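The primary structure of each chain is shown beneath.
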Amino acid sequence: MKVGHLIILVTLIIATLAIATATLPTHGQQDSNYKGFKNEKQKAHSKLYGEYSSGRTLRKETEEKGDVLIKRNVGLAGGDVGYVKPTLSQFLQRMACEADAVVLGTVKEQSSYLTENEKFISTDYEVEVNEVIKNNAAAYISPNATITVTRPGGTVKLDGKTAQAIDESYENLAGDEQYVLFLKFIPDTGAYQAYGGDSGNGFEVRGKKVRNLTKEYTTVKSEIAKINALSFLNEIRTSSVSDCRNIFGGMQ
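Given the structure is predicted, the values throughout are model-derived calculations rather than measurements.

The rules we used
- Residues numbered from 1 in each chain as written.
- Predicted model: local features only at pLDDT ≥ 70, side-chain atom pairs only at ≥ 80, totals over all residues.
- Heavy atoms only, no water.
- Buried < 20%, exposed > 50% of the residue type's maximum accessible area, 1.4 Å probe, protein only.
- Helix = DSSP H or I, 4+ residues; strand = E, 2+ residues; numbered from the N terminus.
- Pairing = 2+ DSSP bridges.
- Core = buried A, V, L, I, M, F, W, Y, C linked by side-chain atoms within 4.5 Å.
- Contact = heavy atoms within 4.5 Å.
- Phe/Tyr/Trp six-rings, centres within 6.5 Å; stacked < 30°, edge-to-face > 60°.
- Axes fitted to C-alpha atoms, helices over the stretch in contact; angles between N-to-C directions.
- Parallel < 35°, antiparallel > 145°, perpendicular 65-115°, else oblique.
- Left-handed = near helix turned anticlockwise from the far one by under 90°.
- Nonpolar A, V, L, I, M, F, W, Y, C, P; charged D, E, K, R; others polar.
- Polar contact = N/O pair within 3.5 Å; in protein donor to acceptor, adjacent residues only side chain to side chain.

In strand S5 (residues 154–158), alternate side chains face the same way, and those of Gly154, Val156 and Leu158 are buried while those of Thr155 and Lys157 on the opposite face are not. In this structure, S5 lies alongside strand S6 (residues 161–167), joined through five bridges in antiparallel fashion. Its bridge partner lying in S6, glycine 154 is registered against alanine 165. The antiparallel hairpin formed by S5 and S6 contains two residues in its connecting segment, where aspartate 159 sits at a positive phi of about 50°.

Given below as structure tokens:
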């Protein structure tokens, strides 16, 4: 190889490396992978949790403290003077009427990422639908379909450190477990957001037992603890086809 050709080749290699280095994301850039996003859907969902804004960013916390755990606690139990406690049927009817969809499904996959402000974590769950209890009028859910459900809370790794966020109103879902989920449709992504943190937002159905997915106080918790899964599911099925004009007005 001639000396002139060698100089040109070395120059080209140096130029290529410079361009590649310039295009690599540096610490602090807001590219889609920086916060843990796997796709544009997660990036869009990260903007749904702007109210989780107290304290410093999780990145700053892990940089200074190492592994961190932040928790959003539930509020104090209470009620209005003269409040009339609803029955379980009335409670579930209100939940079903206000939700865009209600499904019985099994969690198959999950992926957590930072919220847009980096002060909390949210998780997208891929849920295999076992039964559509109330279908979405705006986007029909087919039997045995897989839908994406976003919920606050989760765990991520930041530069080798673990950051965990818990919202006691929305318990994290576990893989291969079965849940009844009350959902709000997200038209921009075709996914769903958990609905009703202070009223239930969903229930784990395991064997004959039913368990609420929130630590918020709900007036029907004692009834839910006593009812068997089959009867509970039948209550929801009935509530989901009820006339929503007759829903009980005082549910909490």
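Here the narrative resumes, following the displayed structure.
With that out of the way, let us pick up the nonpolar core. Leu92, Val102, Val180, Phe182, Phe203, Phe232 and Ile236 are the most contacted members of the largest nonpolar core, which has 22 residues in total. The set of elements that each furnish at least two residues to this core consists of helix H4 (88–98), strand S2 (101–114), strand S7 (178–186), strand S9 (202–206) and helix H6 (229–240). A per-element tally of this core places H4 first, with five residues. Beyond its immediate sequence surroundings of up to four residues, leucine 92 is in contact with Phe182, Phe203, Phe232, Glu235, Ile236 and Ser239. Core analysis: the second largest hydrophobic core is formed by 16 residues, Val103, Ile141, Tyr179 and Phe185 among them.

Relative to the elements of secondary structure, asparagine 73 occurs in the loop between strand S1 (68–72) and H4. Along the primary structure asparagine 73 and glutamate 216 are separated by 143 residues, whereas in three dimensions their C-alpha atoms are 8.9 Å apart.

Looking now at the packing of aromatic side chains. Scanning all chains against the criterion turns up six aromatic pairs. Seen from their ring centres, phenylalanine 37 and tyrosine 113 are 5.7 Å apart, and the 65° between their planes marks the pair as edge-to-face. Of the two residues, phenylalanine 37 is situated in the loop between helix H1 (3–23) and helix H2 (40–45) and tyrosine 113 in strand S2; the sequence distance between them amounts to 76 residues. Here the two residues phenylalanine 37 and tyrosine 113 agree in accessibility, since each one is buried. An angle of 65° between the planes, with centres 4.8 Å apart, marks the rings of phenylalanine 203 and phenylalanine 232 as edge-to-face. Taken as a pair, phenylalanine 203 in strand S9 and phenylalanine 232 in helix H6 lie far apart in primary sequence, 29 residues in all. Looking at phenylalanine 203, the relative accessible area reads 0%, which means it is buried. Residue classification places phenylalanine 232 among the buried positions, given a relative accessible area of 0%. Among the aromatic residues, those joined into a cluster by ring pairs are Tyr49, Tyr52 and Phe120.

Summarising burial for H4: eight of the 11 residues are buried, a large majority. Buried residues of H4: Leu88, Phe91, Leu92, Gln93, Arg94, Met95, Ala96 and Cys97, and no others. The inward-facing, buried residues of H4 abut S2, strand S3 (121–134), S7, S9, helix H5 (221–226) and H6.

Read across the sheet, three strands follow the order S1-S6-S5 without closing on themselves; strand pairing throughout is mixed. Two strands lie at the open edges of the sheet, namely S1 and S5, each paired on one side alone. When the angles between neighbouring strand axes are averaged without regard to direction, this sheet yields 15°. The pairing of S1 with S6 spans five bridges and is parallel. Its bridge partner lying in S6, isoleucine 70 is registered against alanine 165. Across the sheet, helix H3 (residues 58–65) lies against S1, S5 and S6, angled at about 140° from S1, the strand it touches most.

Moving on: the packing of H4 against H6. At a minimum axis distance of 8 Å, the contact between H4 and H6 shows a crossing angle of 55°. Here H4 lies oblique to H6, going by the angle between them. Like other packed secondary-structure pairs, H4 and H6 cross with a definite hand, here right-handed. Listed contacts from H6 to Ser89, Leu92, Gln93 and Ala96 of H4 are Phe232, Glu235, Ile236, Ser239 and Ser240. A breakdown of the residues in the contact of H4 with H6 according to their chemical character gives four nonpolar, four polar and one charged.

The buried category is assigned to tyrosine 113, whose relative accessible area is 0%. Separated by 42 residues in the primary sequence, tyrosine 113 and threonine 155 have C-alpha atoms spaced 7.7 Å apart. A polar contact of 2.7 Å, which involves the side chain of tyrosine 113, links it to the side chain of aspartate 124.

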